[in-house]
Amino acid sequence: MAKRLMPEKLLQSLRDEKRLRELAGAKSYERGEGYYEQGAVRSLVTHAGKLAARVEGTEDYTVVMWMENDVLRFTCSCPVGEREEFCKHCVATALTYIEAATSPATPEDEDDDEEDFDDELGYARPKVQTLNAVQSYLASCRKEQLVELLLDVALQSDEWRARLKRKACGRER
Ligand SMILES: [Zn+2]
């Protein structure tokens, strides 16, 4: 298994604006910047060196980014992202994460549900959440509880049902 590095490495990598522009291309970068300015990134979650974000547009998309052997890796559920291109959602996620992670007013506290309401934007900028509390809870569950929990997830999420079915067929581990 490839070594996963901490989010600090990811942040460092994403802060290289020139590199982001090159990665995305001028058009995607500009569109992503627009998404960032509009506040299209609605959630930011970090866990085990990975960053996940939900980006709202005509549809909602999920972006995941991480560092693997010092190389920036990313996925987005949009059609462009599926072609493994650094899409506008990735750009918006990167810019929003840089802002959230470097702003002194946004500590990484998963118990703090209060959001900073932005009068100009008309809604809150996302804070960086962690899964620490969720991890502790899951670690305390019995196997039967975990099975029930994941069945509930599979029932309610098309994406997770498909993922778990693939795992059940042994096509993905
Ligand atoms: Zn995308």
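Cut-offs used in this document
- Just so you know, the residues in each chain are numbered from 1, in the order the chain's sequence is written.
- Per-residue local features are limited, in this predicted model, to residues with pLDDT of at least 70; the limit for side-chain atom pairs, both in listing and counting, is 80 or more; totals at the level of whole chains, interfaces and linings are taken over all residues.
- Interaxial angle, 0 to 180 degrees, is taken between N-to-C directions of lines fitted to C-alpha atoms, where a helix line uses only the stretch in contact.
- Counting from the N terminus, the helices are DSSP H or I runs at least four residues long and the strands are E runs at least two residues long.
- Helix crossings get a hand from a simple test, with the near helix turned counterclockwise from the far one by less than a right angle marking a left-handed crossing and a clockwise turn marking a right-handed one.
- Remark: residues whose backbone-derived C-beta atoms lie within 7 Å of one another are considered to be in contact.
- Under the scheme applied, nonpolar residues are Ala, Val, Leu, Ile, Met, Phe, Trp, Tyr, Cys and Pro; charged residues are Asp, Glu, Lys and Arg; polar residues are all the others, including Gly.
- A helix is expected to span 1.5 Å for every residue after the first.
- Counting other C-beta atoms within 10 Å of each residue's C-beta, where C-beta atoms are placed from the backbone, gives the exposure class: buried for 20 or more, exposed for 12 or fewer, partly exposed between.
- Strand pairing requires that DSSP identify at least two bridges connecting the strands.
- Every residue gets a pLDDT, meaning the predictor's confidence in that residue, from 0 to 100.
- Roughly parallel refers to an angle under 35 degrees, roughly antiparallel to one over 145, roughly perpendicular to one between 65 and 115, and oblique to any angle outside these ranges.

The interhelical angle for the contact between helix α2 (residues 17–24) and helix α3 (residues 26–38), taken along N-to-C directions, is 115°, at an axis separation of 6 Å. The element α2 and its partner α3 pack so that their crossing is right-handed. Note on element contacts: α3 touches α2 through Ala26, Ser28, Tyr29 and Gly32, opposite Leu20, Arg21 and Ala24. Looking at the contact of α2 with α3 residue by residue, the class counts come to four nonpolar, two polar and one charged.

Another aspect to go through is helix α7 (residues 143–156). With 14 residues, α7 extends 20 Å between its outermost C-alpha atoms, agreeing within 8% with the 20 Å of an ideal straight helix rising 1.5 Å per residue. Burial of α7 is sparse: only zero of the 14 residues sit out of reach of the surface.

Summarising the sheet, strand β1 (residues 41–47) and strand β2 (residues 50–56) pair through six bridges and their orientation is antiparallel. Residue pairing in the sheet places Val41 in a bridge with Val55 of β2. Relative to strand β7 (residues 128–130), β1 runs parallel, the two sharing three bridges. From the neighbouring strand, Leu44 faces β7, where its bridge partner is Val128.

Bringing the sheet that holds strand β4 (residues 71–76) into the picture now. The strands making up a sheet associate through backbone hydrogen bonding, with each pair oriented either parallel or antiparallel. Taken in spatial order, the five strands make up an open sheet running β4-β3-β2-β1-β7, and their pairing is mixed. Edge positions in the sheet fall to β4 and β7, since each of these pairs with one other strand and no more. For this sheet, the mean angle separating the axes of adjacent strands, direction not counted, is 25°. Helix α1 (residues 7–14) contacts β1, β2, β3 (60–68) and β4 of the sheet and is inclined by roughly 105° relative to β3.

Below, the discussion takes up the environment of Thr46. Here Thr46 shows up in strand β1. Here Thr46 falls in the buried class, since 23 other C-beta atoms lie within 10 Å of it. Sequence separation of Thr46 and Met65 is 19 residues, and the distance between their C-alpha atoms is 9.5 Å. Sequence-distant contacts of Thr46, defined by excluding residues within four places in its chain, comprise Pro7, Leu51, Val128 and Thr130.

Our next topic: the confidence of the model for the protein. With 83% of its residues at a pLDDT of 70 or more, the protein has an overall mean of 87. When mean pLDDT is taken per element in the protein, α7 scores highest with 97 and strand β5 (residues 117–118) scores lowest with 60. Predicted confidence is poor over residues 1–5, with pLDDT under 50, and the contacts of this stretch with residues over four places away or in other chains come to eight contacts. When the criterion is pLDDT under 50, residues 106–112 qualifies, and its contacts beyond four places in sequence or with other chains add up to 10 contacts.

We now examine the packing of α7 against helix α8 (residues 158–168). Two quantities define a packed helix pair, namely the angle between the helix axes and the distance between the axes. Orientation of α7 relative to α8, taken along the N-to-C sense of each, is 120°, at an axis distance of 5 Å. Classified by the angle between their axes, α7 and α8 sit oblique to one another. Touching Leu150, Val153 and Ala154 of α7 are Trp160, Arg161 and Leu164, all from α8. Looking at the contact of α7 with α8, its residues break down into five nonpolar, no polar and one charged.

Moving on to the pairing of β3. Pairing analysis gives six bridges linking β2 to β3, with the strands arranged antiparallel. When the sheet's bridge partners are listed, Arg54 is paired in β3 with Thr62. In textbook terms, the turn of a hairpin is the stretch between consecutive antiparallel strands, and for β2 and β3 this stretch comprises three residues. Looking at chain direction, β3 and β4 are connected through six bridges and run antiparallel. Bridge pairing links Trp66 to Arg73 in β4. Adjacent in sequence and paired antiparallel, β3 and β4 are bridged by two residues, among which Asn69 carries a positive phi angle near 50°.

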